[in-house]
Amino acid sequence: GQQVMQIPQYQHVQEGEDFTTYCNSSTTLSNIQWYKQRPGGHPVFLIQLVKSGEVKKQKRLTFQFGEAKKNSSLHITATQTTDVGTYFCAGRDMEYGNKLVFGAGTILRVKS
Amino acid sequence: EAQVTQNPRYLITVTGKKLTVTCSQNMNHEYMSWYRQDPGLGLRQIYYSMNVEVTDKGDVPEGYKVSRKEKRNFPLILESPSPNQTSLYFCASSFWGNTYEQYFGPGTRLTVT
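Here's a quick rundown of the structure.

Rules of the game
Residues numbered from 1 in each chain as written. Chains lettered and ligands numbered in written order. Predicted model: local features only at pLDDT ≥ 70, side-chain atom pairs only at ≥ 80, totals over all residues. Heavy atoms only, no water. Patch = residues over 30% accessible without salt bridge, like charges linked within 9 Å, V, L, I, M, F, W, Y side chains within 5 Å. Areas by Shrake-Rupley, 256 points an atom, 1.4 Å probe, with all protein chains shown as cover. Salt bridge = Lys/Arg side-chain N within 4 Å of Asp/Glu carboxyl O. Helix = DSSP H or I, 4+ residues; strand = E, 2+ residues; numbered from the N terminus. Buried < 20%, exposed > 50% of the residue type's maximum accessible area, 1.4 Å probe, protein only. Pairing = 2+ DSSP bridges. Axes fitted to C-alpha atoms, helices over the stretch in contact; angles between N-to-C directions. Phe/Tyr/Trp six-rings, centres within 6.5 Å; stacked < 30°, edge-to-face > 60°. Core = buried A, V, L, I, M, F, W, Y, C linked by side-chain atoms within 4.5 Å. Contact = heavy atoms within 4.5 Å. Buried area = accessible area lost by both parts, 1.4 Å probe. Polar contact = N/O pair within 3.5 Å; in protein donor to acceptor, adjacent residues only side chain to side chain.

### Comments concerning a nonpolar patch on the surface
Residues and elements named next belong to chain B.
Logical step 1: On the surface, Met50, Val54 and Trp96 cluster together into a nonpolar patch covering about 260 Å² of accessible area.
Logical step 2: Looking at the element boundaries, tryptophan 96 is found in the loop between β9 (87–94) and β10 (103–104).
Logical step 3: When its relative accessible area of 45% is taken as the criterion, tryptophan 96 is described as partly exposed.

### Description of the sheet that holds strand β3 (residues 19–25) of chain A
Across a sheet, strands are paired by hydrogen bonds formed along the backbone, either parallel or antiparallel in direction.
Residues and elements named next belong to chain A.
Logical step 1: A sheet is described by the order of its strands in space; here 5 strands give the open sequence β1-β3-β8-β7-β6, paired in antiparallel fashion. Two strands close off the open sheet at either side, each with one partner strand: β1 (4–7) and β6 (55–58). Pairs of neighbouring strands in the sheet enclose a mean axial angle of 15°, with direction left out of account.

### Section: the packing of aromatic side chains
Logical step 1: Here the structure, examined in full by the defined rule, presents 14 aromatic pairs over all chains.
Logical step 2: Taking 5.5 Å as the distance between ring centres and 50° as the angle between the ring planes, the aromatic pair formed by tyrosine 35 of chain A and phenylalanine 102 of chain A counts as tilted. Linking tyrosine 35 of chain A in strand β4 (residues 31–37) with phenylalanine 102 of chain A in strand β10 (residues 99–102), this pair joins segments that are 67 residues apart in sequence. The same class applies to tyrosine 35 of chain A as to phenylalanine 102 of chain A, namely buried.
Logical step 3: Considering the side-chain rings of tyrosine 31 of chain B and tryptophan 96 of chain B, the 5.7 Å spacing of their centres and the 25° angle between planes classify their relative orientation as stacked. With tyrosine 31 of chain B in strand β4 (residues 31–38) and tryptophan 96 of chain B in the loop between β9 and β10, this pair connects stretches of sequence that are 65 residues apart.
Logical step 4: Its relative accessible area of 8% is what places tyrosine 31 of chain B among the buried residues.
Logical step 5: Among the aromatic residues, those joined into a ring-pair cluster are Tyr35, Phe45, Phe88 and Phe102 of chain A together with Tyr35, Phe90 and Phe104 of chain B.

### Things to note about the sheet that holds strand β3 (residues 19–25) of chain B
All names here are of chain B.
Logical step 1: Reading across from one edge, β1-β3-β8-β7 is the order of the 4 strands in this open sheet, with antiparallel pairing throughout. Because the sheet does not close on itself, it has two edges, and the strands there are β1 (4–7) and β7 (65–66).
Logical step 2: Judged from the 4 bridges that link them, β1 and β3 form a sheet pairing that is antiparallel. Counterpart to valine 4 in the pairing with β3 is glutamine 25.

### Some points on the nonpolar core
Logical step 1: The biggest cluster of nonpolar side chains holds 21 residues, and the ones touching the most others in it are Trp34 and Phe63 of chain A.
Logical step 2: Elements that contribute at least two residues to this core include exactly β3, β4, β5 (44–49), β7 (61–65), β8 (71–76), β9 (85–93) and β11 (106–111) of chain A.
Logical step 3: Ranked by size, the runner-up nonpolar core spans 19 residues in total, among them Val4, Cys23, Met27 and Tyr47 of chain B.

### A word on the interface of chain B and chain A
Logical step 1: Contact residues are listed per partner, giving 20 residues for chain B and 19 residues for chain A.
Logical step 2: Taking both sides of the interface into account, the surface hidden between chain B and chain A amounts to around 1,500 Å²; carbon and sulfur atoms contribute 52%.
Logical step 3: It is Leu43, Asn98 and Phe104 of chain B that lose the most area in chain B upon contact with chain A, and together they represent 33% of the buried surface on that side.
Logical step 4: At the junction of chain B with chain A, the criterion picks out 0 salt bridges.
Logical step 5: Applying the counting criterion to the chain B and chain A interface returns 4 residue pairs in polar contact (both at pLDDT 80 or more).
Logical step 6: Going through the elements one at a time, β4, β5 (42–51) and β9 of chain B are the ones with two or more residues in the side of chain B that touches chain A.

Written out as structure tokens, the structure reads:
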């Protein structure tokens with residue numbers, strides 16, 4: 001079945017350092033979404049990527065969708081304590097009825 | 001305010017005692033879904049519904065039931081809870097289609113002893 005793998009599972013960075021989480025799918029995706037879950041909170045939608053090779057930015061966050069539409073990344077420049085949380089990718093595959101499959105998430109901790 | 005609500009937020013129960021977790025959305029979304037979140041496993045889909053009276057199994061449906069009699073409500077039923085159903089549960093909703101983001105409820109932390 002469709003699988004979405006996300007690495008690393010956990011990362012602890014010093015405030016001001018950069019952070020990247022990677023998402024890899026076993027199948028070609030029609031689109032990919034990213035969500036952020038603050039500690040004790042619920043997942044909140046960040047962004048959606050649809051086109052092959054697409055790059056989108058939100059302030060210090062840069063999202064990329066691979067050329068083959070099987071992988072994606074989220075990069076945070078100069079992390080801040082407000083970036084703490086779990087970041088999930090979620091991919092849709094048309095062959096699987098466009099079901100949204102979530103990665104396991106990357107937990108980000110920031111030391112100030 | 002557009003939102004997804006869940007009740008209860010916290011529940012401790014015993015094995016075998018039937019329980020229902022309610023979910024309601026006020027955004028007129030066609031699609032609703034239940035997930036469970038466990039450490040290291042991310043969000044796994046339990047059941048989903050594409051519209052009223054249309055429900056289908058997700059990846060981990062065993063031990064759960066759902067119903068969709070009204071568009072706004074999507075309750076999750078555990079007829080005979082077991083300890084392995086101890087988890088954090090999220091309800092989510094969205095418009096139907098492959099480009100819409102999901103709106104999540106605040107979560108229900110369930111402990112089954």
